[in-house]
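Structure assessment
Below are the chains, spelled out letter by letter.
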Amino acid sequence: MADLLAPRVPGPARLRELLAGDEIVVAPGAFDALSARLVEAAGFPAVYMTGFGTTASLLGRPDVGLLTMTEMVQAAGRIRSAVEVPVIADADTGYGNALNVIRTVREYEAAGVAAIHLEDQVAPKRCGHLEGKRVVPAETMTDRVRAAVAARYNPDFMLIARTDARAVEGLDAAIERARRYHDAGADLLFVEALQSEAEVERVADVFRGVPLLFNWAEGGKTPPLSRDRLQELGFRLVICPISTLLAATEAMRAVLGRIAQDGTPVNAVRDLPGLTGFADFVGLPEVNKIGETYGDG
């Protein structure tokens with residue numbers, strides 16, 4: 001668990017170091033600071049801030065472009081402040097034209113995240129594995145990427161270009177778009193919602209030597225390939241966006257159902273960690289140590 005007194009590793013530089021290593025990087029999704037701490041405590045080297053989960057957490061609604069850039073950046077900042085591992089964040093479409101993209105990059109970078117991904121959907125966007133997506137012209141997204149590259153202060157801050165064109169224009173068009181986005185300066189490519197292992201293999205073959213992100217979208221359109229297979233194909237980063245969200249939702253549903261049945265939590269909480277254990281996990285011992293060292297008055 002993160003030590004509140006420990007020095008923080010610079011996120012962007014650390015993420016670049018991880019992606020340059022021999023092992024594929026797996027970054028489970030987090031939808032708030034607590035879920036991010038759980039990801040870190042489980043030993044993962046990076047955290048992915050899921051737009052789907054963040055929207056569900058903050059609004060209780062689906063990921064259809066309802067959150068603003070400010071709300072997303074604030075969520076990313078809270079997650080970043082809770083963990084010491086790098087945070088990769090969903091930045092949707094960049095929230096407007098090239099000028100908006102510039103501000104988006106600078107706000108996320110100021111929030112301390114290590115990387116963001118920008119997509120080529122029309123605003124308001126939709127989750128990449130839902131129906132009804134539309135994409136902007138490739139030239140528009142290329143300009144978004146160019147603006148994002150020019151906007152970053154820290155050269156280690158990573159820009160991931162995502163294309164959702166597979167569902168709209170077909171695989172060939174998605175590959176051509178991804179090639180253009182790489183030429184515009186994107187650090188990683190993210191071809192969303194591939195629909196078969198053959199399509200995954202083709203993208204990996206076309207972009208051999210280019211850092212690729214694989215979205216292990218739980219219940220989505222892309223087949224569930226193993227970590228070993230993805231590493232063999234050359235992918236460098238794997239996100240699994242909503243496992244934590246789905247698990248938390250099911251656990252809360254079960255606990256609430258038991259409380260409704262029994263009238264009190266007496267049976268529902270029998271196998272759960274107590275208040276003291278939970279307080280320890282979220283850093284109470286470190287907080288007490290700070291108070292003892294510096295005073296809490």
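Right, let's walk through the structure included here. Going along each chain's sequence as written, the residues are numbered from 1 onward. At least 70 in pLDDT is required for a residue's local features to be given in this predicted model, at least 80 for side-chain atom pairs to be given and counted, and no such filter applies to totals for whole chains, interfaces and linings, which use all residues. Heavy atoms from the whole structure form the basis of all side-chain values; hydrogens and water molecules are not counted.

1. A word on a nonpolar patch on the surface
Within the patch definition used here, like charges are joined within 9 Å and nonpolar side chains (Val, Leu, Ile, Met, Phe, Trp, Tyr) within 5 Å, considering only residues with over 30% relative accessible area and no salt bridge. For the accessible areas, the method is Shrake-Rupley and the probe is 1.4 Å, while residue cover comes only from the protein chains on display. Any Lys or Arg side-chain nitrogen found within 4 Å of a carboxyl oxygen on Asp or Glu counts as a salt bridge. Side chains of Leu-34, Leu-38, Phe-278 and Val-282 sit close together on the surface and give an oily, nonpolar patch of about 310 Å² of accessible area. Segments assigned H or I by DSSP are reported as helices when at least four residues long, segments assigned E as strands when at least two residues long, and all are numbered from the N terminus. Within the element layout of this structure, Val-282 appears in the loop between α12 (275–281) and α13 (284–294). Buried, partly exposed and exposed residues are distinguished by accessible area as a fraction of the type maximum, computed with a 1.4 Å probe on protein chains only: under 20%, between the cut-offs, and over 50%, respectively. Assessed through its relative accessible area of 34%, Val-282 is described here as partly exposed.

2. Observations regarding the pairing of strand β5 (residues 158–163)
Side-chain direction in a regular strand flips from residue to residue, so the side chains alternate between the two faces of the sheet. Of all the six residues making up β5, six are buried; the element is thus mostly covered by neighbouring parts of the structure. Both faces of β5 are covered, namely the face carrying Met-158, Ile-160 and Arg-162 and the face carrying Leu-159, Ala-161 and Thr-163. For two strands to count as paired, DSSP must find a minimum of two bridges between them. Where strand β4 (residues 115–119) lies against β5, five bridges are found, and the strand directions are parallel. Among the inter-strand pairings, His-117 is bridged to a residue of β5, identified as Ile-160. Of the pairings in the sheet, the one linking β5 to strand β6 (residues 188–191) comprises four bridges and is parallel in character. Its bridge partner lying in β6, Arg-162 is registered against Phe-190.

3. Some remarks on the sheet that holds strand β1 (residues 25–30)
Pairing between sheet strands relies on hydrogen bonds along the backbone, with the strands arranged either parallel or antiparallel. The parallel open sheet is built from eight strands, whose spatial order is β6-β5-β4-β3-β2-β1-β8-β7. Because the sheet does not close on itself, it has two edges, and the strands there are β6 and β7 (213–215). When the angles between neighbouring strand axes are averaged without regard to direction, this sheet yields 25°. Sheet topology places β1 next to strand β8 (residues 237–240); four bridges connect them, and they run parallel. Within β8, the position partnered with Ala-27 by the bridge is Ile-239. Helix α6 (residues 138–151) contacts β4 and β5 of the sheet and is inclined by roughly 170° relative to β5. Lines fitted to C-alpha atoms define the axes here, with helix axes fitted over just the stretch in contact, and angles between the N-to-C directions of these axes take values from 0 to 180 degrees. Residues count as neighbours in contact if any of their non-hydrogen atoms are within 4.5 Å of one another.

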